[in-house]
Amino acid sequence: MPPRDNPLTRRSFLSLVLKGSLAGSALIGLGMLVRYLNFQSEESAPSQFDLGPASDFPLGSRLPVPQAQAVVLHTDQGFSAYSLVCPHLGCLVNLTSEGFACPCHGSRFLPDGSVRNGPASSPLTALRIDENADQHLILYLH
Amino acid sequence: MRPSFYQHLHPPTIPSAQARLRYTLGAGGMAVFLTLVVGLTGILVTFYYVPTPEQAAKSIQELTFLAPFGWLMRNLHYWSAQLLVLVVLLHLLRVVFTGAYLPPRRLNYLLGLSLLVICLFMDFTGYVLRWDEGVHWALVAGTNLVKSIPLIGPGLYTFLVGSSQPGATTLIRFYAWHLFGLTILLIGIGGWHLFRVRRDGGIAVPPPELRPDAARIPRSELVRREGLAMLWATLVLVGLSIAIPAPLAPSIQEAGTSASESLAPWFFLWVQELLKLGDPFTFGVLIPLGVLLLLALVPYFSPRRLSPVELGRWFPAGGRNIQILVGVLSGAILLLTLLALLALPH
Amino acid sequence: MRRHLLLVSLLLLAIAGLALWRQSRLPRAIAITPTLTGQVEYCLTCHADLPEISQSHPVQTFGCVLCHGGEPLALDADLAHSTLRGGSNPSDLSVVEASCGGEKCHSGTPQVFRDHIQRVTTSVQATYAGAIAQVRYAFGAQPDLTARMGIYAIDGLTAFDPVQEISPAIQAFGLNCLFCHLSAQPMPSQEYDRWGGCAACHSPAPSRDDTTVHKLTTALPYTQCNKCHNRGNYSLADVQFHPRPDAPVDRLHDYYQPIAEFTRCEWTLDCADCHTRQEAMGDGHIYNNKKEIQYIRCRTCHGTLNSLPLTTTVSDPNDLALRMAFLDPVIDLKVGDTILVTDKGEPLWNIRVMPGIGNATPTYELFSKAAGQRFTFRPVMGSACQQDPDQQEARYCHECHATQR
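Residues numbered from 1 in each chain as written. Chains lettered and ligands numbered in written order. Predicted model: local features only at pLDDT ≥ 70, side-chain atom pairs only at ≥ 80, totals over all residues.

**Student:** Quick rundown of the overall build of chain B? Include the residues and the values.
**Tutor:** For chain B, the count of helices and strands is 14 helices and two strands. At 22 Å, chain B has a C-alpha radius of gyration in line with the 20 Å of a compact globule built from 346 residues. Expressed as lengths along the three principal axes of its C-alpha atoms, the size of chain B is roughly 70 × 50 × 40 Å. Counting all 346 residues of chain B, 35% fall into the buried class. Residue pairs at least 24 apart in sequence account for 78% of intrachain contacts in chain B once pairs closer than 6 positions are excluded. (Helix = DSSP H or I, 4+ residues; strand = E, 2+ residues; numbered from the N terminus. Rg over C-alpha atoms; globule rule 2.2 N^0.38 Å. Buried ≥ 20, exposed ≤ 12 C-beta atoms within 10 Å, placed from the backbone. Contact = placed C-beta atoms within 7 Å.)

**Student:** Explain the environment of Val238(B) to me, using residue names and the numbers behind them.
**Tutor:** Counting through the fold element by element, Val238(B) comes out in helix α11 (residues 219-243). With 166 residues separating them along the chain, Val238(B) and Leu72(B) place their C-alpha atoms 7.8 Å apart. Once residues within four sequence positions are removed from consideration, Val238(B) is found in contact with Ile15(C) and Ala19(C).

**Student:** Can you tell me about the sheet that holds strand β6 (residues 338-341) of chain C, naming the residues and giving the values?
**Tutor:** Residues and elements named next belong to chain C. Strand order in the open sheet formed by five strands is β5-β6-β7-β8-β9, and the pairing between neighbours is antiparallel. Two strands close off the open sheet at either side, each with one partner strand: β5 (311-313) and β9 (374-377). Here the average twist between neighbouring strands, direction ignored, is 40 degrees. Where β5 lies against β6, three bridges are found, and the strand directions are antiparallel. (Pairing = 2+ DSSP bridges. Axes fitted to C-alpha atoms, helices over the stretch in contact; angles between N-to-C directions.)

**Student:** Let's hear about the sheet that holds strand β3 (residues 70-75) of chain A: which residues, and what values?
**Tutor:** Residue and element names in this part refer to chain A. Reading across from one edge, β1-β10-β9-β4-β3-β2 is the order of the six strands in this open sheet, with antiparallel pairing throughout. Where the open sheet ends on each side, the last strands, each with one partner, are β1 (48-53) and β2 (62-65). On average, adjacent strands in this sheet sit at an angle of 25 degrees to one another, irrespective of strand direction. By the bridge criterion, four bridges tie β1 to strand β10 (residues 136-140) in an arrangement that is antiparallel. Looking across to β10, one finds that Asp50 is bridged to Ile138.

**Student:** Which residues make up the environment of Asn289(C), and what values go with them?
**Tutor:** All names here are of chain C. Secondary-structure assignment places Asn289 in the loop between α16 (277-281) and α17 (290-293). The spatial distance from the C-alpha of Asn289 to the C-alpha of Tyr255 is 24 Å, given a sequence separation of 34 residues. Those residues in contact with Asn289, other than ones at most four positions away along the chain, are Gly130 and Leu145.

**Student:** An account of the interface of chain B and chain C is needed here, citing residue identities and associated values.
**Tutor:** Taken together, the contacts link 19 residues of chain B with 20 residues of chain C. At the level of secondary structure, the elements contributing two or more residues to the side of chain B that touches chain C comprise α5 (56-65) and α11 of chain B. Sorting elements by how many residues they give to the side of chain B that touches chain C places α11(B) first, with nine residues.

**Student:** With reference to specific residues and values, describe the pairing of β3(A).
**Tutor:** Sheet faces and side chains relate simply in a regular strand, where the side chains alternate between the two faces. Residue and element names in this part refer to chain A. By the bridge criterion, four bridges tie β2 to β3 in an arrangement that is antiparallel. Note that in β3 the partner of Leu63 across the bridge is Val72. Linking β2 to β3, which pair antiparallel, is a turn of four residues; within it Gln69 sits at a positive phi near 50 degrees. Both β3 and strand β4 (residues 78-83) contribute to a ladder of six bridges, which runs antiparallel. What sits directly across from Leu73, in β4, is Ser80.

**Student:** Which residues make up the interface of chain B and chain A, and what values do they have?
**Tutor:** On the chain A side, the residues contacting the 10 residues of chain B number six residues. A total of three residues in the side of chain B that touches chain A trace back to one element, the largest contributor, which is helix α6 (residues 70-97) of chain B. Here the residues of the side of chain B that touches chain A sort into eight nonpolar, one polar and one charged. (Nonpolar A, V, L, I, M, F, W, Y, C, P; charged D, E, K, R; others polar.)

**Student:** Give a detailed account of the nonpolar core, specifying residues and quantitative values.
**Tutor:** Across soluble globular proteins, nonpolar side chains show a tendency to be buried alongside one another. The biggest cluster of nonpolar side chains holds 79 residues, and the ones touching the most others in it are Leu34(B), Met73(B), Leu84(B), Val87(B), Tyr101(B), Val128(B) and Trp131(B). Not counting the four nearest positions on each side in its chain, Met73(B) is found in contact with Tyr36(A), Thr41(B), Leu44(B) and Val45(B). Formed by 20 residues, the second largest nonpolar core is a distinct cluster that contains Phe100(A), Phe109(A), Leu124(A) and Leu127(A). (Core = buried A, V, L, I, M, F, W, Y, C linked by C-beta atoms within 7 Å.)

**Student:** Talk me through the domain arrangement of chain A; I want residue IDs and the actual numbers.
**Tutor:** Annotation of chain A at the domain level lists domain 1 (9-39) and domain 2 (48-140). Distance from the C-alpha centre of domain 1 of chain A to the C-alpha centre of domain 2 of chain A: 52 Å. (Domains from an automatic or database assignment.)

**Student:** Which residues make up unusual backbone geometry, and what are the values?
**Tutor:** Cis peptide bonds are those with omega within 30 degrees of zero, and the linkage from Pro103(B) to Pro104(B) qualifies with 5 degrees. Within the element layout of this structure, Pro104(B) appears in the loop between α6 and α7 (106-129). Its identity is not glycine, yet Leu25(B) carries a phi of approximately 65 degrees, on the positive side. Note on placement: Leu25(B) falls in the loop between α3 (21-24) and α4 (27-46). Looking at Leu25(B), the number of C-beta atoms within 10 Å reads 17, which means it is partly exposed. Even without a glycine there, the phi angle at Tyr128(C) is positive, about 60 degrees. With respect to the secondary-structure elements, Tyr128(C) resides in the loop between α8 (124-127) and α9 (129-138).

**Student:** Now, about the packing of α7(B) against helix α10 (residues 168-199) of chain B: what can you tell me, with residues and values included?
**Tutor:** All names here are of chain B. At a closest axis distance of 9 Å, the pairing of α7 and α10 adopts a crossing angle of 160 degrees. If you check the angle between α7 and α10, you find them roughly antiparallel. Our pair here, α7 against α10, has a crossing hand that is left-handed. When the residues that make up the contact of α7 with α10 are grouped by side-chain class, the tally is 17 nonpolar, eight polar and one charged. (Parallel < 35°, antiparallel > 145°, perpendicular 65-115°, else oblique. Left-handed = near helix turned anticlockwise from the far one by under 90°.)

Printed below as a string of structure tokens:
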């Protein structure tokens, strides 16, 4: 037998159902709102670039590719590429004789992309770069 | 203790007889609620809508098909807007047929009429923002109608359209009107209208000594009733939004499609039907303005015939001439709307 | 009041659930961003099972909307298809310029062989100018056989309008006989089914049970041409088309009209193996009759007693012959190969001089365009052929070489 001193009356049950369904609807509505506002439409930005003939990037060169916001290095070990986007807050870094320098908050990077000083705490992102069958360099952003 | 803002929104008690749904139809309150819904959903769809001719219809398609619950937000915005126009018209009819335009409510009546006009323009500018084939010819015809007004017509046209014919400038201007210009007017005049309701003594009632029923209901009961009405309204709105989608059509093509199936938005169908009769200015501008003027003069037509004794109920005898006038006008507009719908090719 | 509140809140919860369910029913969009347009399209959400239309029109490059039109972002079928160009066939001549045109596509310059649309729209197959001229001349509406009218007005031709014609025979011609040009609706029965425009030749016919094949090809078998050709006879006596009463099965005995004899290549090879691009698609000029544009002769491939067939050596990697061979890889054509060429300079890219054969006269190999079948043949020069140098039309070769049927 249920204890008599704390019965769930019909009134309080219905009140619970009432509040529960209102709360439920409100939560569902809130959930819909959150999903609606977080939607990201398709990115149309390209994720790879054909940089042209590999011969345009001779040995020892360090050439920027502005449309990809990246720099291509050609060393004895082959081709490598780094993003020129500063890992601190996203400004584009400049090429200097000592490496790279960010004009916004003073971060400095060595030629291999590692941090020399400055508010940035991670190095410049290394990007994948390959040579394809037509001897063109293909740069991948992701 | 000084009353809070919440307590300012409603008086401590109101007469029970006039608080009945049968009397007010809850139309005024429903209009406020629908305005809130249309405003909130409007902000939400603004997050996706792009106001350029190339992108407008596309962004609406993206909203409808790709954004999660985007179809729901758009349909809610559409349905709350259309129901708002209907409810506002219903409220106007209620006010006229219960004589609630007598002094001191004459100013408020005029404010309400202005709100009706603002609502219609809100609906029209929102309609145009779709920038798709469904609205193309309504936009062209509507703006050309403005041009037909003597003296100020061409100037007014340039003011609205921004160029010699509807294009990118028009879209951005209509966007500015829909989001800001008309909204500011709506909030300002709407706020004033609601303030005047309190100032004029609330819902129109006979003076206390002539009231057959002295019962009153407390603020809490009123709020409860309003809450219930809002819940029902939400139910209907969401139901409509799920069942019947807002209209969607391809973007306006430069190459121009035929105007064969074009219609004005439903609340202007009566004007479209009138325009079949003769020159645009007379039938498209003068007559509708005439209707508006007649409505505006309602509180001034033989005001002494209707006395405050008769307030608080439908169809008071003293207001018979007004009731007949507005009844005939409404009937005519309804008839014209039906004719326009029937003329549609099936 | 309480009951109402309870009822409406439960209903609200239910309808919120309904909205959630509706959202889950929306198809998960499949996006592609074709490289040529850079604009995202969602057509593949419903049409992902369509095969690639051809090697040279990959969907990752072209997408769907560039050729077909339509609404790229709509996931509702009616809305998405509302702005399709030409319905199921974007190559219909009424919309072909918008769908297939462009400098780098099919309405570019003749020098880079990209002027297909200009050539097709002025060709006899599209304008029907020759047939119209013949009928109008036969019934006295024009003084000679010069083409003056086409199905549509173009480049000096006016539009043929049967209603404006005085002669009832020409009016009947307009009613009964205009089923076989590129902008015509074909005759209603199944064996005549074909598309209009470019797809009339380059796409398989639409099927009746909605299993239309999404395909563009240059490997055209003779059956494709026979959607219009070899169907029967026009009679000027009653100005009617009389379709052939039989259903042709055996190509040698049944297919061609029983009024002539044919040599072996004419019933073994496909039409496209001999008839060139200019013959079928025109060369941009208006001709009065199809005989004026048809110039392929037996000697084009076989030569004469005194001359070998004309040849050219492929030297440019961008040569038209290599592009054609890429589109229909029945032959492994390379730079340095020698192929036959017509006297107008059109490359017969599927016919190659066989290298390293030590005879005085060369041997040639032909790969049929539709099936890739390989044939070898010798030229007339140095053979026992008894032809007259002044009698080089096909009918003279048929005197000896036609097969008895």
